[in-house]
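Working through the structure, step by step
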Amino acid sequence: MRGATARRRLVATGCAAVLAVSGVAGCGSDGGQTVVNVYKYPQENFQKIVDKCNERGKDYTIVYHKLPREADGQREQMVRRLAAGDTGMDVLALDVTWTAELAKAGWIKEFTGADKAAVESGTLETPLDTARYEGRLYGAPDNTNVQLLWYRSDLVPTPPKTWDEMIEMASKLKSEGKPGLIEAQGKQYEGLVVLFNTLVNSAGGQILDENGTKAVVDDKAVKALEVLKKFATSDVVDPSFSNAAEDDARLNMEAGKAAFMLNWPYVYAAAQKKPEFAANFKWAPYPSIDGGDAKVTVGGINYAVSAYTEHSAQSFDAVSCLRGAESQKFAAINDGVPPTIESVYDDPEMAKPYPMKEAILDTLKTASSRPRTPAYQNVSTVISTILSPPASIDPKPTADRLRSELQDALDSKGVLP
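Figured I'd write up the structure that's included with this text. Keep in mind it's a predicted model, so treat the numbers as computed, not measured.

As for the packing of aromatic side chains
The relative placement of two aromatic rings is captured by the distance of their centres and the angle of their planes. For the coordinates displayed, the defined rule picks out 9 aromatic pairs. Summarising the aromatic geometry, the rings of Trp-163 and Phe-231 are spaced 5.4 Å apart at their centres and angled 70° between planes, so their arrangement reads as edge-to-face. Remark: Phe-231 occurs in helix 8 (residues 219–232) and Trp-163 occurs in helix 6 (residues 163–175); sequence separation between them is 68 residues. When the centroid spacing of 5.1 Å and the interplanar angle of 75° are considered together, the rings of Phe-231 and Phe-241 count as edge-to-face. With Phe-231 in helix 8 and Phe-241 in the loop between helix 8 and helix 9 (246–254), this pair connects stretches of sequence that are 10 residues apart. Each member of the pair, Phe-231 as well as Phe-241, is classed as buried. Members of the aromatic cluster, joined through ring pairs, are Trp-150, Tyr-268, Phe-277, Phe-281 and Trp-283. Across the ring face of Phe-46, the terminal group of Lys-40 is positioned such that the distance to the ring centre comes to 4.2 Å. A cation sits over an aromatic face here: Lys-187 above Tyr-189, 6.0 Å from the ring centre.

A few points about a negative patch on the surface
A cluster of acidic side chains, namely Asp-293, Asp-346, Glu-358 and Asp-362, defines a negative patch on the protein surface. With respect to the helices and strands, the residue Asp-346 is situated in the loop between helix 13 (325–335) and helix 14 (357–365).

A short note on the state of the cysteines
Under the defined criterion, the tally for this structure stands at 1 disulfide. There is a disulfide in this structure between Cys-53 and Cys-321, and the S-S distance comes to 2.1 Å. Of note, the bridge from Cys-53 to Cys-321 carries an S-S torsion of about -100° and is left-handed in sense. Taken as a pair, Cys-53 in helix 1 (residues 46–54) and Cys-321 in helix 12 (residues 312–322) lie far apart in primary sequence, 268 residues in all. Accessibility assignment for this pair places Cys-53 and Cys-321 in one class, buried.

Quick word on the environment of Phe-111
In this structure, Phe-111 sits in the loop between helix 3 (99–104) and helix 4 (113–120). Residue Phe-111 is classed as buried on the basis of its relative accessible area of 1%. Taking the C-alpha atoms as reference points, Phe-111 and Gly-139, 28 residues apart in sequence, are found 7.0 Å from one another. With residues near it in sequence (within four places) discarded, Phe-111 still touches Lys-116, Val-119, Leu-137, Tyr-138, Gly-139, Ala-140, Tyr-303, Val-305, Phe-316 and Val-319.

Looking at the nonpolar core
Among the nonpolar cores identified, the biggest contains 81 residues, and Trp-163, Phe-196, Phe-260, Ile-383, Leu-387, Leu-402 and Leu-406 are the most heavily contacted of them. Of all the elements, helix 8 adds the most residues to this core, at 8 residues. Leave out the neighbours within four places in its chain, and Leu-387 touches Leu-192, Phe-196, Leu-225, Leu-228, Ile-393, Thr-398 and Leu-402. By size, the runner-up hydrophobic cluster in this structure holds 28 residues, among which are Cys-53, Tyr-64, Ala-131 and Val-337.

Some details on unusual backbone geometry
That bond from Ser-388 to Pro-389 is cis: its omega, -5°, falls within 30 degrees of zero. Structurally, Pro-389 can be placed in the loop between helix 15 (376–386) and helix 16 (395–410). A positive phi is found at Val-217, a non-glycine position, where the angle reads about 45°. Topologically, Val-217 is positioned in the loop between helix 7 (190–202) and helix 8.

Conventions adopted
- Residues numbered from 1 in each chain as written.
- Predicted model: local features only at pLDDT ≥ 70, side-chain atom pairs only at ≥ 80, totals over all residues.
- Heavy atoms only, no water.
- Phe/Tyr/Trp six-rings, centres within 6.5 Å; stacked < 30°, edge-to-face > 60°.
- Helix = DSSP H or I, 4+ residues; strand = E, 2+ residues; numbered from the N terminus.
- Buried < 20%, exposed > 50% of the residue type's maximum accessible area, 1.4 Å probe, protein only.
- Lys NZ or Arg CZ within 6 Å of the ring centre and 35° of its normal.
- Patch = residues over 30% accessible without salt bridge, like charges linked within 9 Å, V, L, I, M, F, W, Y side chains within 5 Å.
- Areas by Shrake-Rupley, 256 points an atom, 1.4 Å probe, with all protein chains shown as cover.
- Salt bridge = Lys/Arg side-chain N within 4 Å of Asp/Glu carboxyl O.
- Lys, Arg positive; Asp, Glu negative; His and termini not counted.
- Charge placed at Lys NZ, Arg CZ, Asp CG, Glu CD.
- Disulfide = S-S within 2.5 Å.
- Contact = heavy atoms within 4.5 Å.
- Core = buried A, V, L, I, M, F, W, Y, C linked by side-chain atoms within 4.5 Å.

Quick look at the structure:
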């Protein structure tokens, strides 16, 4: 975390938690001017976006407070303070999977009227969908993310379109004594859930129903399990797959072990540090199951306004600037986070840092969300536990177990693994 860390114990207004921020920290005013406190993960150049928004001459000042780097720590801090009715939190940067949980609890405000219209205008539909709960808008998409297929063009002239083609190509390379492994995320954590969710949605299946109250895990989900099992037991899966997260996959690819990798776009910038490797490091759409479009799971961050803010109008106005087109372009170019506003992808300044922008945009237009439920944390834990290690999957029995234990998690029964 950059800069000095100031710690203040704030009382009277409900800001009893410790705040970490460079510069001014406060709950309501800064020398008589209203302060809008924004809580977000440590984003390297976000303070510059805040500074730019503060130059507009509004009747309030935005102050950036850095949350913990890890997602679990971010959620824990926000949930504890919201549960206590803390009025010192105004704008919250939420992982896309937290919208339903916080909306259900009544901890974040609905976007309505002009605020809602401004968020919906020009925003890509799948990221926008992650900000909705029960048909209402509770967030403003700031950045998004989708995985692509990354490959070595010196080994693969034409990238595969399906999982079967990818496995076949990799196996052929390996039989020729060439690097032929496929890198992906199989560790028992959210990355494995994302992989499974993408396979289920690509197969046309469901994990939960639309209301997020019933575990479905249908026949198409069984098909997804069959694909995951085939990959996990193939001769081209990296031996470390069941323990691999995003960076493990990236490093193995850069080390020359693999021909293919499924990963987020950040790997492109990382690869540029190794020019010889980067020269043949290319991208393509995520492989599908049946030859159609893969429905890749989106990631990203949504801004929400706390239900306990004492500066509601200013908070919604701050959101409009922090996630506006110029702010999103700056964050994309400087921090590598894909925009949620479609027009930003057409900006000429995006061409150099985002040569894969068309692939990202095309993928976003057919992308999918994770199961929408206030109990998502429990759902994610159950899925990652049951699917780990992926090589042990027995498609039909595994689907039956998922259906049963997911329903228990939704009904708050049983003990979480």
